[in-house]
Every structure is written in structure tokens, then in C-alpha cells.
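# Survey of secondary and tertiary structure
This is what each chain is made of:
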Amino acid sequence: MPDRFEKRLEHGPPVVTDGGMGVLVSSAVPGLRCPEEANIRAPESVVTLHASFINAGAELIETNTFGANRHKLRSQFLEDEVAAINETGVKLAREAREISGRDVYVAGSIGPLGELGGLAADERGPVFAEQASLLEGRGVDLFMVETFFDLDELTTAIEAVQGVSRLPIVALLTFDEDAETFGGVSARDAVERLSAYDLAAVGANHGAGLHAALAALEAMGNGRPLAALPNVGLASLSGGRVIYPHATPEYFAEFAAQARALGARVIGGCCGTTPTEIAAIARAVEEERQPTAPFAAAERELVVAAHERPEETELARKLRAGDWITCVELDPPKGGTYESMLAVTKTLKDSGEVGFVDINDNPMARARANALMAAIAIERTCAIETIPHVTPRDTSVMGLQSQLLAAHAEGVRNVLAVTGDPPHVGDYPGSRGVYEVDSIGLAKVVTRLNAGEDFNGKAIDAPTSFFLGVAVNPSADDLETELDRFRQKVEAGAQFAMTQALFDLDYLDRFEELLGGWPIPILVGIFMVRSHQLAVRLHNEVPGIVVPENVQNRLRDAGPRAAEEGLALARELYAQAGEKAAGVYVIPPFKQPEAALELLGMD
């Protein structure tokens, strides 16, 4: 038998919902770890906000429980309060309804788990089910499963909720202006997939604003009850505060008319919407306002890549052909000029001994010029291919993609995905790395860009053609972990690898044996050590580098001839690498990159 709410969607006027509770609660109650904490810390504020939306004309209010699942609350050290926060959230919404004396629906708000690379699907289901059980147990009328960016996570949540409850569900995804989720799923495809579930309504909330929500509704069609609860618009930051656009009530009234014409049976707002905007929506629904003009969504223009089959980089071509690779590692400048770096690179190139240069990215966590930008300058000025290191330490996934796309547009094609030295070891001890993804995740970012999509799977205008390298440390203390991570990097799309600096190639042989053979070409790192003191320091202070005792003793015993002995050792490693690897990259003495030519055959 259809539920009371579902009957209303079928036979009555559209249901007007409340607006952005989370933003308003956070503004009203300072010091909250999350908006949901207000349920137990400032319940009177929550009731007041609920009542303000009811007085504005909302016929459906959502519990202040959007992020009140065990997984999210754990990150705020509120895991022990999961039952109290959810149950009190329902109690407060029902209390506001009783105070108002109006017969409004109370919807249990359930949001996604959120972070990149979050819990696996089989771990997510029980988290959603637990929250749904708590909300139903206190008396919600329906569920709003909302603000999902990932369709798979939404279906997991729906199945979990339906596994513990028979209450109606309104399922909402977040869309951009092109009516696509951040994962690249179109609104049309999303509604088709959701048709397999018994849902009261489907639709769009949060997102890029009113126009984006309407574009999603238009793409979904008018075959089933739809819902639209958009943000007031794109937010910005000012003085540490989140600022939303000054959308007028008239603009929201027109939105409500457009949404209703497109099949919306549930209309309201999300972040930034206040009782003022909800009142405008309520009046438009009550007056059965008609749109002033038909809704029209502009179609996205895609850029066709210039080459369907991108040309190989010189590095890729040589590795494929089995040619020997010689590369020298450079540190970008610490100052505001490339002059010295470019002069050194030209010397290396003109020698005829160096085929490539790889470029460190803020080595030892000390600020230098960006490696990708340095690579652009080198390739443009010196006509030699570069292998810039890229690390997820200093920027978000969005920032990484932005930098990579810009570098690709400037002609950089080889990249090495590395973890990067943690900030606290360098000049910024109070700083913490971003690390939204690790080096494996970064490899996936590059691979997805090459496939013509961003990290979330959303199509980009034109695919990239990076030749992706990764780091590997055959001398790692925890070989099992290193082997597993290397396999994951290869699976993520790595096409070549560069080892940590090695002072004994027996480590390389042992790693290859455990691996069962190298699946991609390997470049061996050779560190030119010129003193016993440096060898001891590298072994004891630099993570990941092992300088065997016999090598340390050899340099110690050489006394004043340690530099010559270090060069002899490097030449021995170079010769051995010729039988075991595809090439080498040389780490020259500090501030002496030209010294690499001594190893590569120059006097």
C-alpha cells in the first residue's frame, strides 16, 4: 500500500522542503566539530531553525543528521555519540513540528561517507544501515539519502536502508552544470539505473546551483517523481567565512516554477538557502506559478584531441627499442631564476652523454621552483626531454590534475609519480602534507587523464599522453610492503620505474626474484658519494637509502682519496647496471651536476 508521503507526491501539489540546515547550524553555534554535534550541544538552536523553515512554508524538514554516520563521526571523535546524535536529531525535528502545530513530514537525512578512497562497499552498507535504523526507531516519516557524488555509493546506501526499513526514500545525487556527477555519470544514466529501486523520488541536490539542478531534472525526464534541492549557488571564502551569492527570492520563485514544470514533486534548497528562499518557493508552489520562459540547458562543447594516437616520447621509444638510458637528476633553483639550471642542462645535453634529466620536486621538503614548471623551461630552452617528479604532498587532487594538464599543454610528457619527502623533515616543521592520495593514487590520476577522464571518472575535454614512471626501493626494510606497493603501481598504469639510490645491486637481484621478473623497464639510481661522512649520513639519516658497511669502510679507508674511490664505486655500479636494467639515472654531488659527466665517460 502506498505510503502517505508517496500518495502526496502522486496526487497533491509539490512538497516544499527546508533549506541548508548544516550551514545555518554551524553559523548559529560556534565551536562545533560538525553541524550534527549541535543536536546534543545546542538543541534549542536546532529546534529554532527547524521552526523557522516550517514558518516559511516548508512541509518537509530534514533531521540534522546528514553526516551523523559512525564513519564520519569517528573522524570528529564523536563515534560514541552516534546513537544520541541521530535519535536526538529526530526528537528535535518532531518537537519543532509539534510546536508549529503543522502536519509536516520529518525526513531522516543520510549523507555519503565522503573521502577519496573511502570504505569498501561491503563496509559502507552496515554504516548506512545502522544510521537508518536509529532514525526510523525515533520516528522519521521517510529518508532523504542525499548529496551523493558517486552513484555506486548511493545504490549501496539505498540497499542498506531498504534492508532495515520500508519507509519511502528520496534519493539525491549532486550534478554539475552539464548534468553529470563528479564521477562522470549523466543524470539520464543515473535515473535509469535508479529505476531498479523502489524509490519515492529521485533528483538533484547540493551541486553548482539552481541551473545545474534544473539541467539534471531536464535530463532525467518526467517519467517519475523528481526532486530538486540545490545550493543557493557557488560558495566562496572571505575572511574565513563561507559566502554564498545574493540570489533574490524572485530568482528562487522562478526556479520553483521551472522545477515544477520539469516534473519536480519535491522542491527545496541545500547549502546557503534560508527561510527567505524557502518562503519564495512555497509561494510559487501555492500560486502554481508558471515559468516565464522554457528552460534551456547549453550543451557542452568537447575538444577533439589533435592526435588519436599520440607520438611516443623519446624515453618511451628508447625503452621500447632496448636502447640504453642515461639520465642525470637535477634540483630546481631555490631562487627566482632558471639561469643556472638551464646553463647546467645545456652542458649536460651538449656533452652527448646525457639523454634525459629528471627533476626533483622540493627535495628534502625544502621549497624550490616547481618541478613541472622547471621541466617546461628546460624542454623549451635546452631541447632535452625531462622526467619531472610529481608528488601529492603539496596540493589536492584537483591541484595535481590542474598542474598536470597545464604541463601537458606545454609539451611535458614524461612524469615520475613519487610520495615526496614529508614537510616536517624540511624547512616547515609545523606543516602537514596534503596527501589526498598517495603515489599509487597519483599514478591512477595520471592514467585516468591519459584515458580522457579525471580522477573521479568524469570526461575531460581532451586526453593526455603522459609516459608514467614510478619509484621503487629494492633496499626497503619492509620488502613485503614495497613489493605490494610496486605491484599496485604497475596495476595503476606505471610504464617504467626508477629505483632508490642503490650501493649494492644485489638488492636489485633479490627484489626481481621476489617479484618474479620486472614487468616494466627499470632505471637504477646511482648516487655519486665523495666522502665517508656523506656515506654514513645517507645510511643513518636519509629514509630508504642503505649504504652497506663494506661501502662505508671502503670510503673510510680511502682517506683523502675518498672522492676518487666514490667515483670508482659509481662506475662499478654503472657497469653492473648494464646487465640488469634498462638504464641509469645519476644523482651527482651536491651543487655539482656537471660531475655526473665523470661517471658517464667524460674527463
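What you see is a predicted model, and the numbers here were worked out from it, not measured in a lab.

### A look at the overall build of the protein
- Per the secondary structure count, the protein includes 23 helices and 18 strands.
- Expressed along its principal axes, the backbone C-alpha trace of the protein runs to roughly 90 × 50 × 45 Å.
- Residue burial in the protein is summarised as follows: out of 603 residues, 53% are buried.
- For the protein, long-range pairs separated by at least 24 residues make up 77% of all intrachain contacts whose partners lie at least 6 apart in sequence.
- Each charge class in the protein can be summarised by its mean position, and for the 52 positive and 87 negative side chains these summaries are 2 Å apart.

### Description of helix H14 (residues 339-351)
- Helix length check: H14 (13 residues) gives 19 Å between terminal C-alpha atoms against 18 Å at 1.5 Å per residue, within 8%.
- Among the residues of H14, Met 341, Leu 342, Val 344, Thr 345, Leu 348 and Ser 351 are the ones counted as buried.
- Of the surrounding elements, those touching the buried residues of H14 are strand E11 (325-330), strand E12 (356-359), helix H15 (371-382) and helix H23 (596-599).
- Just downstream of H14, Gly 352 is the residue with a positive phi angle, here 80 degrees.

### Remarks on the nonpolar core
- Ile 378, Leu 404, Phe 486, Phe 503 and Val 524 are the most contacted members of the largest nonpolar core, which has 93 residues in total.
- Element by element, the count of residues in this core is highest for H15, at eight residues.
- Residues contacting Leu 404, with those up to four places away along its chain left out, are Leu 372, Val 390, Val 415, Leu 442, Val 445, Val 446, Leu 449 and Phe 466.

### Some details on the confidence of the model for the protein
- With 92% of its residues at a pLDDT of 70 or more, the protein has an overall mean of 90.
- Taken together, the stretch residues 235-239 has pLDDT below 50 and engages in eight contacts with residues farther than four places along the chain or on a different chain.
- Long-range and interchain partners of residues 302-308, a stretch whose pLDDT sits below 50, account for five contacts in this model, where long-range means more than four residues apart.

### Some thoughts on the packing of helix H16 (residues 397-409) against helix H17 (residues 439-450)
- One way to put it is that H16 packs onto H17 with a least axis distance of 11 Å and a crossing angle of 50 degrees. Comparing the axis directions of H16 and H17 gives the class oblique. Read as a crossing pair, H16 and H17 show a hand that is right-handed. Across the interface between the two elements, Val 397, Leu 400, Gln 401, Leu 404 and Leu 405 from H16 touch Leu 442, Val 445, Val 446 and Leu 449 from H17.
- Here the contact of H16 with H17 is composed, by residue class, of eight nonpolar, one polar and no charged.

### Structural notes on the sheet that holds E12
- The strand order E11-E12-E13-E14-E15-E16-E17-E18 describes a closed barrel built from eight strands, whose pairing is parallel. The sheet shows a mean angle of 25 degrees between the axes of neighbouring strands, direction not considered.
- Strand direction decides the pairing type here: strand E13 (residues 385-390) and strand E14 (residues 414-417), joined by two bridges, are parallel. Its bridge partner lying in E14, Val 390 is registered against Ala 417.

### Here's the deal with the pairing of strand E16 (residues 496-501)
- Most of E16 sits out of view: five of its six residues are buried.
- Here four bridges tie strand E15 (residues 467-472) to E16, and the two strands are oriented parallel to one another. If you follow Val 470 over to E16, its bridge partner there is Ala 497.
- For the crossover from E15 across helix H18 (residues 479-491) to E16, the handedness is right-handed.
- Here E16 runs beside strand E17 (residues 522-527); their pairing, made up of three bridges, is parallel. The residue bridging Ala 497 from the neighbouring strand is Ile 522, located in E17.
- Each parallel crossover has a hand, and the one from E16 via helix H19 (residues 506-515) to E17 is right-handed.

Rules used throughout
- Residues numbered from 1 in each chain as written.
- Predicted model: local features only at pLDDT ≥ 70, side-chain atom pairs only at ≥ 80, totals over all residues.
- Heavy atoms only, no water.
- Helix = DSSP H or I, 4+ residues; strand = E, 2+ residues; numbered from the N terminus.
- Buried < 20%, exposed > 50% of the residue type's maximum accessible area, 1.4 Å probe, protein only.
- Contact = heavy atoms within 4.5 Å.
- Lys, Arg positive; Asp, Glu negative; His and termini not counted.
- Charge placed at Lys NZ, Arg CZ, Asp CG, Glu CD.
- Expected span 1.5 Å × (residues − 1).
- Core = buried A, V, L, I, M, F, W, Y, C linked by side-chain atoms within 4.5 Å.
- pLDDT = per-residue confidence, 0-100.
- Axes fitted to C-alpha atoms, helices over the stretch in contact; angles between N-to-C directions.
- Parallel < 35°, antiparallel > 145°, perpendicular 65-115°, else oblique.
- Left-handed = near helix turned anticlockwise from the far one by under 90°.
- Nonpolar A, V, L, I, M, F, W, Y, C, P; charged D, E, K, R; others polar.
- Pairing = 2+ DSSP bridges.
- Right-handed = clockwise from strand over helix to strand, strands pointing away.

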